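Chain by chain, the residues run as shown.
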Amino acid sequence: MASAMARLARLTIKANDLDSNIKVVETHSIDENFSLDQKADMCTSELLESGLLGEGVIPSMRDAWSRHLKDDAVVIPRRARVLAVLVEGLPTDKTTGNLNAATAFFGPDLESFKQASGGVSLTTTPNNISPLLGRQGQSEEGAAESNTEGILISLHAGSLLDENYNEPLSNGLADYNDYKLIPQQNMKESVYSQKKRGIRVLSEPQTVLDFDFASGLEALPPPTGRSCSKQIVATSDGNCNGVLFWWELELGDSTDSMYSTKPIGFFSDSDDSNNWQDHWQQNLFLFGDTQVRKVIGGCPVEINVSHDDTSISFAINDQNSSQGDTSRPAQRRRLNQEECTMNRCISSTRALQLNDSSRTQTLRDAIMYALETKGMDAPLLDLSDMGICALIAAAAGATRVTSLESSSGGIPALAATIAQIGNNFDFQIIQAQAEHVTHAYILGEIAEIVAAEPYFEMLEGWSLQEALNYFYLVRSMKQRGLISPTTSISIPSVAILMAVVVECEDFCKAYGQVGDSKEKVVDFDHTPVNFFGNRYHTYDVSLPVSEYKYKALSDAFCVAKLLYDEVKIEAADEKGDGWSSGKITRPGKCQGVIFYVDYLCRVSKEKATHQKDGVHYASITSSTASHRQVVRKLQSPTIVTEADVQKGATFFCKTSFDDDIHGIEDHCFAFKIVK
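The shown structure was predicted, so the numbers you read here are calculated from the model rather than taken from an experiment. (Residues numbered from 1 in each chain as written. Predicted model: local features only at pLDDT ≥ 70, side-chain atom pairs only at ≥ 80, totals over all residues. Heavy atoms only, no water.)

A.B. asks: For the sheet that holds strand β17 (residues 312–316), give the residues involved together with the corresponding values.
C.D. replies: With antiparallel pairing, three strands are arranged side by side in an open sheet as β10-β16-β17. Only two strands of the sheet have a single partner each, and these edge strands are β10 (226–233) and β17. Between one strand and the next, the sheet's axes are offset by a mean angle of 30°, whatever the strand orientation. (Pairing = 2+ DSSP bridges. Helix = DSSP H or I, 4+ residues; strand = E, 2+ residues; numbered from the N terminus. Axes fitted to C-alpha atoms, helices over the stretch in contact; angles between N-to-C directions.)

A.B. asks: Tell me about a nonpolar patch on the surface, and please be specific about residues and values.
C.D. replies: Together, Met 42, Val 74, Ile 76 and Leu 251 make up an exposed nonpolar region whose accessible area comes to about 310 Å². Tracing the sequence through the fold places Met 42 in strand β1 (residues 40–44). (Patch = residues over 30% accessible without salt bridge, like charges linked within 9 Å, V, L, I, M, F, W, Y side chains within 5 Å. Areas by Shrake-Rupley, 256 points an atom, 1.4 Å probe, with all protein chains shown as cover. Salt bridge = Lys/Arg side-chain N within 4 Å of Asp/Glu carboxyl O.)

A.B. asks: How would you summarise the packing of helix α3 (residues 110–117) against helix α6 (residues 357–374) if you had to cite specific residues and measurements?
C.D. replies: Look at α3 against α6: their axes get within 8 Å of each other, and the N-to-C directions meet at 30°. Classified by the angle their axes make, α3 and α6 are roughly parallel. In the crossing of α3 with α6, the sense of the turn from one axis to the other is right-handed. Taken together, the residues of α6 that come into contact with α3 (itself represented by Ser 112, Phe 113, Ala 116 and Ser 117) are Ser 357, Thr 360, Gln 361 and Arg 364. Of the residues contributing to the contact of α3 with α6, the split by class is two nonpolar, five polar and one charged. (Parallel < 35°, antiparallel > 145°, perpendicular 65-115°, else oblique. Left-handed = near helix turned anticlockwise from the far one by under 90°. Contact = heavy atoms within 4.5 Å. Nonpolar A, V, L, I, M, F, W, Y, C, P; charged D, E, K, R; others polar.)

A.B. asks: Describe helix α7 (residues 388–396), and please don't skip the residues or the numbers.
C.D. replies: Burial analysis of α7 places seven of its nine residues in the buried class, the great majority of the element. Within α7, the full set of buried residues consists of Ile 388, Cys 389, Ala 390, Leu 391, Ile 392, Ala 393 and Ala 394. Looking at the residues trailing α7, positive phi occurs at Gly 397, about 110°. (Buried < 20%, exposed > 50% of the residue type's maximum accessible area, 1.4 Å probe, protein only.)

A.B. asks: Account for the sheet that holds strand β30 (residues 579–583), with residues named and values stated.
C.D. replies: Sheet architecture is open: three strands sit in the order β30-β35-β36, paired in antiparallel fashion. Here the strands that pair on one side only, and so sit at the sheet edges, are β30 and β36 (667–674). Neighbour-to-neighbour, the strand axes of the sheet open up by a mean angle of 25°, direction not taken into account. Bridge count for β30 against strand β35 (residues 650–657) is five bridges, and the pairing is antiparallel. Residue pairing across strands places Trp 579 opposite Lys 654, the latter belonging to β35.

A.B. asks: I'd love a proper account of the pattern of salt bridges, names of residues and values included.
C.D. replies: Think of it this way: side chains of opposite charge can pair up when their charged atoms draw near. Evaluation of the coordinates by the stated rule reveals 25 salt bridges. Residues Asp 41 and Lys 70 are paired through a salt bridge, measuring 2.9 Å at the closest nitrogen-oxygen approach. Residue Asp 41 is located in strand β1, and its partner Lys 70 is located in strand β2 (residues 69–76); the two are separated by 29 residues in the primary sequence. The salt bridge involving Arg 78 is made with Glu 250; its shortest N-O contact spans 3.5 Å. One end of the pair, Arg 78, is in the loop between β2 and β3 (79–89); the other, Glu 250, is in strand β12 (residues 242–250), and 172 residues separate them in sequence.

A.B. asks: Go over the pairing of strand β6 (residues 151–155), please, and point to the residues and values.
C.D. replies: Side chains of β6 alternate between two faces, with Ile 151, Ile 153 and Leu 155 buried and Leu 152 and Ser 154 left unburied. Sheet analysis places β6 next to strand β14 (residues 282–286), joined by five bridges and oriented antiparallel. Counted as the bridge partner of Leu 155 is Gln 282 from β14.

A.B. asks: Any chance you could break down the confidence of the model for the protein chain for me, citing the residues and the numbers?
C.D. replies: Averaged over the protein chain, the pLDDT score is 86; the fraction of residues at 70 or greater is 86%. Taken together, the stretch residues 131–148 has pLDDT below 50 and engages in 51 contacts with residues farther than four places along the chain or on a different chain. In the predicted structure, residues 321–343 sits below a pLDDT of 50 and forms 66 contacts with residues beyond four places in sequence or in another chain. (pLDDT = per-residue confidence, 0-100.)

Following this line, the structure appears as structure tokens:
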């Protein structure tokens, strides 16, 4: 148990004058050194996560029944059931090869990436099989085999089921103050014009697993887990890419003691829009390969369902038959087999980035422009983890390429090495922190081209922090003379911090004050919890905002610009006072601000979306569903009426960098609204 949570529990208990009745023991119940003076009459727990089993409810209850509970003890929750539907990933505007809205979560798709990157193959084999990234295996006969492990993504499924779930953060490319948008007829297809990701349900919900926590040790599954076969009747034709599942809890004997994490509004009994929460989401289990599995409406599909003590997985039986028991035991998969699967290598967030062909293509266009400007022999230094820019440069023929791998995780460096070997590229990979690098480590000693996606494994999902990290790295290495301070080209050249003012009621409820107006939950005082927990106006939250319902009250506006070539930060203010502004365009309750980063990369005129002073740029955005965004809650929500909008209500944002007197934050925000 986390010490901070134990202390908070003690504070909350004391605030309710129950410290003489409740004892907090800071340990896990399965610790062999923990025991009760006498066995308990009741056991309550909430050892549950989105995937149900990941927090260890089964081994904890197994130990409780073995050591801590009386034979007739009451257990809450009593039971849990897992319900599932078959799903198909819908195509997107960018769909190529095996990619669709579901399969984009794993990968990257090797052929699509190779095409967008100018020939980079992220594999060591000629068969487009990536042992690192968990694509397909290969049989002794050379045929592709399915990866039965698959991958699991917890998400708000409504964002994929409902095409009208949310509006885009940005309605298209726009001017960034002095970086002017090139007329549409001269532009390539907009990187913003991406069709919304979606999935289609191919069956009715069906119970596939049942767990009994209340009937003693014998009722619990064994530590080795269980596997069984279920037949699910497809309701329409389609290609099954995976299974969407959720769970429900039986808390007591009455019919109203049921709790469900089902997607809101998509099944017959889902009229529960007020029950949205963020701590338990739904789960998308995707079969970990590219094999097409066609299902026919009205016909049964045999699914093998397996679980161990911590996870649930699915596999489709490719020899589907309508005969036999619908719940017969299936051949048990090896639950802990050492197969290389996607979720052991890179996250679904990273897979979405690498499967974004527009992003990869723009990076390639920028690298090609830099090499054409500086020459193929110009020293190039890639500061991002995983070395994607270095790989693209080497594929283009660059001769002095260095990839700095600073991640402590090892996977990005291994990925770069595998791709280096697989492509027979001649460039060097350095695994070190930037502050330890000297001229001797850089081919050519002083870099004339510095590049980054930017991607840093430790900051994954924090787009603003990644942009700032690259800025500080470039600034430091220019000061040390490792990057030419005056003649070098940076890829990207500019990072533009964009903001959208939003009404976000669900987010504010989930990340706001606990309890009623008196901070009570069923008459239990939660003041200590709120003292520490209700502070989301003081720091950022990283979220995939496409999964969260919001109403944009302003158009996206520029807050600040990080100029990598000049190594300076500019506020997007008009009066020189540091306050940038955006007009409120719709009435509503201003509750938060969503931030994202747009990058501008120098490219040839034919590839450009923007220009400034005769220099042409292409844009990469983190506003799409391929990225997570930064959300900052407002301390005091403000109502803006239609009359306020008509009078020119304006939202002001002031961003400061390196100014935190406590030395804790690398950036600070201040907000105000003028009606």
